[in-house]
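# Summary of the model geometry
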Protein chains: 2
Amino acid sequence: MNRSIKKPTLLIHKSRVEKNIDLMLEKAKRSDVLFRPHFKTHQSAVTGEMFREKGVDSITVSSVSMANYFADNGWDDITVAFPINLLEVEKINVLAGKIKLNLLVDSAYSTQRLANSLKNIAGIFIEVDNGYHRSGLLPDEVEEIDAIAETISKSKNLEIKGFLTHTGNTYYAKGKDEILAIMEDAAFKLNSLKSKYIGRFPGIITSYGDTPSCSMADDLSAFDEIRPGNFVYYDVMQYHIGSCSLKDIAVAVACPVVSVYPERNELIIYGGAVHLSKEFIAGDNGFKMFGYLVELTESGWGDPITGAYVSSISQEHGIIKMPEEKINDFKPGEVIGILPIHSCLTANLLKENSKIID
Amino acid sequence: MNRSIKKPTLLIHKSRVEKNIDLMLEKAKRSDVLFRPHFKTHQSAVTGEMFREKGVDSITVSSVSMANYFADNGWDDITVAFPINLLEVEKINVLAGKIKLNLLVDSAYSTQRLANSLKNIAGIFIEVDNGYHRSGLLPDEVEEIDAIAETISKSKNLEIKGFLTHTGNTYYAKGKDEILAIMEDAAFKLNSLKSKYIGRFPGIITSYGDTPSCSMADDLSAFDEIRPGNFVYYDVMQYHIGSCSLKDIAVAVACPVVSVYPERNELIIYGGAVHLSKEFIAGDNGFKMFGYLVELTESGWGDPITGAYVSSISQEHGIIKMPEEKINDFKPGEVIGILPIHSCLTANLLKENSKIID
């Protein structure tokens, strides 16, 4: 495999991807929830096919551009899980005329503006903020939610779909118990909203998604739909959170070694911020870690080398701290693998330069 | 201008770019040094033309791919300021057959491997580490430098160009005096090496580059060549270092406002880590800042709004902290500007989505 690698390349480990999809899909089936995976992690038609082959036909994306990309690749049931961007309403109109499209709103103002300009039917989720405090209405902002519901009822093109949340706060939680408590709290709040409005809007659902809780919970039946995304590849951050094991991580960045510095136990790789992203895991005393080092094999890669990690990155360079006894194992012109901290950002940067390995 | 913006877009302020180029070019002429600007910052043929119109004809890039891109756009004198990637020697051979190409080495091992496989003539700089401790040999690694020199002398295709350094440690220096001291130290070390080898290799030069010192120093005549890159756009990090004023920053990212939260004085913009990068400026008590907020005007943008900044970013979302008295000035569907922390990474992410403004 290594011989074809000339510059930083995202290796996508197909059997791990398939296993990750299988596990989440089985859990969704067992919990009797609709599985609408978030495709922002991979942004790849090829990885998308691995979902389609398993019967997945509804997906989530995070931009209108991404929705167009997947619609062009044959996906016809897409939720754009991002607060409606009113400036893209023309593109949204075209797309809503072609596929089953769901959008997100979190204000009466945007809902009304959308109602005024939408020319085709779109499903509308009301985004709920369950403590992450990014976008979404708080569950007790009753007046605003009522105003949105009212606008939707009066519009001929807006069809209410239900209540949706992304509990990104699970990424900052301390351990499984806290993560599952965040999930239970979200389930309670989304279901309370659903109960309140279901008489008026029969068929509305609750939609929930984040990789840590969907990975750790055994049962997701408190929701009607789940939208995890990162689980398809996982990464070092998810491993640190406890969402996955090292052997579940399904992507590595193959990077050429360009310099070896035995006197300071460091390697320089061609692989920097424009390949890995600047996402890092912080430790005590200013410690930063931008990825684990793995050795590539014919069919994939091994476990991380203990004590070896990306300690610093600039635009194209990565510096790898090596244990002393390993520093002479590598030479310029060889290729090593880096397990990324945040696979979504790394996959975005290496969209044009990836390779499926079996 | 705003009306054409639908999604995150890099605005390139042409008159500021031209002024930034003029100032550095004049300083180079006054100091009688060759100006070989680093094009990794913009990676743009269009911005490249702004240099060419002013008579610049030699450039620096940080990868073979970037060298190919600019060669395709008519640049024929290019230094790849990155330790030689032996895996790309085939591409290097093709390129060296077409243009005047300079490469970097920092070990006898890589130099010998390159000598064995290079089929066309290339200039070779020996990279020197002046305290940044990324790539390059320490000035006192005499044996290794001699071995490289020896390999170059024996090779028919390697032509020694001189000694090159990037003092990236200026980015961590405390104030102008410390930055200029780093530059003086680099000048002393590079010139010592030049003196030592010039008898054997007449015509060798010293090549130096980093934006903080090249911006702050009045006189660069201690070197033969300078390679700053970031100065073309500057950014918030350079402003914090003291390399530029706010009015020198020549790029802003236009971002649609998608949500307004008056109760927590925050805006949500369509503009996240895949547009701005995750580069931030850290403050006390875990404070992080991912960009300044500016209002866009017909011909550019104003000064940053005091107290308004990007406080958090995820893949596509940016959260902006707003001063209370300003929160109601913005509505979903409007467009605001973000001055990026690190323009090189932002420009890389928005390569396909930029716009020149006059």
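Residues numbered from 1 in each chain as written. Chains lettered and ligands numbered in written order. Predicted model: local features only at pLDDT ≥ 70, side-chain atom pairs only at ≥ 80, totals over all residues.

## Focus: the overall build of chain A
Quick note on the threshold: Think of it this way: any DSSP run of H or I at least four residues long counts as a helix, any run of E at least two long counts as a strand, and we number them from the N terminus. Between the two quantities, the radius of gyration covers C-alpha atoms and the globule rule is 2.2 Å times the number of residues to the power 0.38. C-beta atoms are first placed from the backbone for all residues, and any pair lying within 7 Å is then listed as a contact.
What chain A contains, in helices and strands, is eleven helices and 18 strands. In terms of overall dimensions, chain A is globule-like: its C-alpha atoms have a radius of gyration of 22 Å, near the 21 Å expected for 358 residues. In terms of its C-alpha atoms, chain A occupies a principal-axis envelope of roughly 70 × 40 × 35 Å. A sequence separation of at least 24 residues applies to 66% of the contacts in chain A between residues at least 6 apart.

## Some details on the packing of helix α5 (residues 108-117) of chain B against helix α6 (residues 142-154) of chain B
Residue and element names in this part refer to chain B. Put simply, the rule reads: Interaxial angles span 0 to 180 degrees and are taken between N-to-C directions of axes, which are lines fitted to C-alpha atoms, for helices over the stretch in contact. Note on angle classes: values under 35 degrees are labelled roughly parallel, values over 145 roughly antiparallel, values of 65 to 115 roughly perpendicular, and the remainder oblique. Under the scheme applied here, ten amino acids are nonpolar (Ala, Val, Leu, Ile, Met, Phe, Trp, Tyr, Cys and Pro), four are charged (Asp, Glu, Lys and Arg), and all others, including Gly, are polar.
One can describe the packing of α5 onto α6 by two numbers: an axis separation of 9 Å at closest approach and a directional angle of 10°. By the angle between their directions, the pair α5 and α6 is classed as roughly parallel. Residues Ala 108, Thr 111, Gln 112 and Ala 115 of α5 form the contact with α6, whose own contacting residues are Glu 144, Ala 147, Ile 148, Thr 151 and Ile 152. Among the residues making up the contact of α5 with α6, the classes are represented as five nonpolar, three polar and one charged.

## Remarks on the packing of helix α3 (residues 64-72) of chain B against helix α4 (residues 89-96) of chain B
Residues and elements named next belong to chain B. Worth spelling out the cut-off: Helix crossings get a hand from a simple test, with the near helix turned counterclockwise from the far one by less than a right angle marking a left-handed crossing and a clockwise turn marking a right-handed one.
Orientation of α3 relative to α4, taken along the N-to-C sense of each, is 25°, at an axis distance of 10 Å. It follows that α3 is roughly parallel to α4 by the angle criterion. The interaxial crossing formed by α3 with α4 has left-handed handedness. On α4, the residues touching Val 64, Ala 67, Asn 68 and Ala 71 of α3 are Lys 91, Ile 92 and Leu 95. Taken together, the residues of the contact of α3 with α4 sort by class into five nonpolar, one polar and one charged.

## Some words on the sheet that holds strand β8 (residues 205-208) of chain A
Residues and elements named next belong to chain A. Cut-off, in case you're wondering: Think of it this way: DSSP has to see at least two bridges between two strands before they count as a pair.
Pairing is parallel in the open sheet, where eight strands are placed in the order β2-β9-β8-β7-β6-β5-β4-β3. Lying at the two open borders of the sheet, with one neighbouring strand each, are β2 (34-35) and β3 (59-61). Judged from the four bridges that link them, strand β5 (residues 100-105) and strand β6 (residues 122-127) form a sheet pairing that is parallel. Directly across from Leu 104, in β6, lies its bridge partner Phe 125. Sitting on the sheet, helix α7 (residues 176-197) is in contact with β7 (158-165) and β8, with an inclination near 155° to β7.

## Side note on the pairing of strand β10 (residues 251-261) of chain A
All names here are of chain A. To keep it simple, the criterion reads: Residues with at least 20 other C-beta atoms within 10 Å of their own are called buried, those with 12 or fewer are called exposed, and the rest are partly exposed. The C-beta atoms themselves are positioned from the backbone.
For β10, the tally of buried residues reaches eleven of eleven residues, placing the bulk of the element in the interior. Note: β10 against strand β17 (residues 335-340), four bridges, orientation antiparallel. Bridged to Ala 254 within β17 is Gly 337. Bridging between β10 and strand β11 (residues 266-270) involves four bridges; their strand directions are antiparallel. By the bridge assignment, Tyr 261 is partnered in β11 with Glu 266. Between β10 and the antiparallel strand that follows it, β11, lie four residues; Asn 265 among them carries a positive phi value of about 50°.

## Section: the relation of the copies chain A and chain B
The condition is simple: Alignment of the copies relies on least squares applied to C-alpha atoms, considering only residues that score at least 70 for pLDDT in both.
For the pair chain A and chain B, the best superposition has an RMSD of 0.0 Å and corresponds to a rotation of 180° with a translation of 0.0 Å parallel to the axis. Accordingly, the operation relating the two chain copies is best matched by a two-fold axis. The C-alpha atom lying nearest the rotation axis in chain A is that of Lys278(A); the distance is 2.8 Å. Interface overlap between copies is the fraction of interface residues in one copy that are interface residues in the other; for chain A against chain B it reaches 100%, indicating a shared surface.

## Some words on the interface of chain A and chain B
Facing 42 residues of chain A, the contacting portion of chain B comprises 42 residues. Among the elements of the structure, β4 (77-83), α5 (108-117), β10, β11, α10 (273-276), β16 (317-321) and α11 (343-349) of chain A are those that each provide at least two residues to the side of chain A that touches chain B. Its residues assigned to classes, the side of chain A that touches chain B comprises 16 nonpolar, 15 polar and eleven charged.

## Side note on the domain arrangement of chain A
All names here are of chain A. As a reminder, the rule being used: Domain start and stop points were drawn from an automatic or database domain assignment.
The domain boundaries assigned to chain A delineate domain 1 (2-8 + 245-357) and domain 2 (14-233). A separation of 33 Å is found between the C-alpha centroids of domain 1 and domain 2. Between domain 1 and domain 2, the residue contacts involve ten residues of the former and twelve residues of the latter. Within the residue set of the side of domain 1 that touches domain 2, elements represented by two or more residues are α11 and β18 (354-357). Top contributing element to the side of domain 1 that touches domain 2 by residue count: α11, with four residues. Residues of the side of domain 1 that touches domain 2, tallied by class, amount to six nonpolar, two polar and two charged.

## Remarks on the sheet that holds strand β8 (residues 205-208) of chain B
Residue and element names in this part refer to chain B. Here eight strands make up an open sheet; going across it, the order is β2-β9-β8-β7-β6-β5-β4-β3 and the pairing parallel. The open sheet has two edge strands with one neighbour each: β2 (34-35) and β3 (59-61). Sheet strands in contact with α3 are β3 and β4 (77-83), and its direction is about 170° off that of β4. Those strands touched by helix α7 (residues 175-198) are β7 (158-165) and β8, and its axis lies near 155° from that of β7.

## Points about unusual backbone geometry
Most of the time, phi is negative for any residue but glycine, and the peptide bond is trans. Residues and elements named next belong to chain B. The phi angle at His 133 is positive, at roughly 60°, despite the residue not being glycine. Here His 133 lies in the loop between β6 (122-127) and α6. In this structure, Asn 285 takes a positive phi of about 55° despite not being glycine. Tracing the chain through its elements places Asn 285 in the loop between β12 (281-282) and β13 (288-289). With 5 C-beta atoms counted inside 10 Å, the residue Asn 285 sits in the exposed group.

## Regarding α7(B)
Residue and element names in this part refer to chain B. The line we're drawing: Given a helix with a known number of residues, its expected span is that number minus one, times 1.5 Å.
Over its 24 residues, α7 runs 34 Å from end to end, which matches the ideal 34 Å to within 8%, given 1.5 Å per residue. All of the buried residues in α7 are Ile 179, Ile 182, Met 183, Ala 186, Ala 187, Lys 189, Leu 190 and Leu 193. Summarising the contacts, the buried residues of α7 are in contact with β7, β8 and α8 (211-216).

## Some words on the environment of Glu141(B)
Relative to the helices and strands, Glu141(B) is located in the loop between β6 and α6. Glu141(B) gets classed as partly exposed once you count the C-beta atoms within 10 Å, which come to 17.

## Details of the confidence of the model for chain A
Rule in force here: Residue-level confidence of the predictor, termed pLDDT, takes values from 0 up to 100.
With 99% of its residues at a pLDDT of 70 or more, chain A shows a mean pLDDT of 97. Scoring the predicted complex yields pTM 0.96 and, for the interface, ipTM 0.96.

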